[in-house]
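An overview of the molecular structure
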Amino acid sequence: VHLVESGGGLVQPGGSLRLSCAASGFTFSNYAMSWYRQAPGKGRELVARISSAGGSTNYADSVKGRFTIVRDNAKNTVDLQMSSLKPGDTAVYYCNTLILGYHYWGQGTQVTVSS
């Protein structure tokens, strides 16, 4: 299983950013995918999850209405569209999938929201 995130960077408050995760090494369309984040000095928290077929999504209360998770099972990618970004969204963002009880993680991508 290999997960590679991209798209992080520095953005001003109120701005937008789109993260992408490229997956390989497993049958992507069979598994739910998630985005987590970890801010400095804090634990890793679930941001958004999407079902295997993409028909069901869940979001942390802190990002509802601002973030959207989508997947493309033909391309084996899962994206996180982030808008109305706040300084509190600053964190390393990780792509994740759970297969047979084991969590697989990407290397993470840094998102910094600052003026």
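Everything below is about the structure printed above this text.
Anyway, here's the lowdown on the structure attached to this text. (Residues numbered from 1 in each chain as written. Predicted model: local features only at pLDDT ≥ 70, side-chain atom pairs only at ≥ 80, totals over all residues. Heavy atoms only, no water.)

All right, on to the pattern of salt bridges then. In the structure shown here, the tally under the stated rule is five salt bridges. Between Asp89 and Arg37 there is a salt bridge, and its shortest N-O distance comes to 2.9 Å. Here the residue Asp89 occupies a position in the loop between strand 8 (77-82) and strand 9 (91-99), and Arg37 occupies one in strand 4 (residues 33-38), the gap between them amounting to 52 residues. A salt bridge links Asp89 to Arg66; its shortest N-O distance comes to 2.8 Å. In this pair, Asp89 is assigned in the loop between strand 8 and strand 9 and Arg66 in the loop between strand 6 (57-59) and strand 7 (67-72), connecting sequence segments 23 residues apart. (Salt bridge = Lys/Arg side-chain N within 4 Å of Asp/Glu carboxyl O. Helix = DSSP H or I, 4+ residues; strand = E, 2+ residues; numbered from the N terminus.)

One non-glycine residue, Asn76, adopts positive backbone phi at about 55°. On the secondary structure map, Asn76 appears in the loop between strand 7 and strand 8. Owing to a relative accessible area of 24%, Asn76 belongs among the partly exposed residues under this scheme. Positive phi values are uncommon outside glycine, yet Ser84 reaches one of about 50°. (Buried < 20%, exposed > 50% of the residue type's maximum accessible area, 1.4 Å probe, protein only.)

Summarising burial for strand 4: five of the six residues are buried, a large majority. Summarising the sheet, strand 4 and strand 5 (residues 44-50) pair through six bridges and their orientation is antiparallel. From the neighbouring strand, Met33 faces strand 5, where its bridge partner is Ile50. From the end of strand 4 to the start of strand 5, which pair antiparallel, there are five residues, and Gly41 there has a positive phi angle of about 75°. (Pairing = 2+ DSSP bridges.)

On to the sheet that holds strand 3 (residues 17-24), then. Strand order in the open sheet made by the four strands is 1-3-8-7, with antiparallel pairing throughout. Only two strands of the sheet have a single neighbouring strand rather than two, namely strand 1 (2-6) and strand 7. Strand-to-strand twist in this sheet, taken as the mean axis angle between neighbours without regard to direction, amounts to 15°. Inspection of the sheet shows strand 1 paired to strand 3 by five bridges, in the antiparallel sense. Note that in strand 3 the partner of His2 across the bridge is Ser24. (Axes fitted to C-alpha atoms, helices over the stretch in contact; angles between N-to-C directions.)

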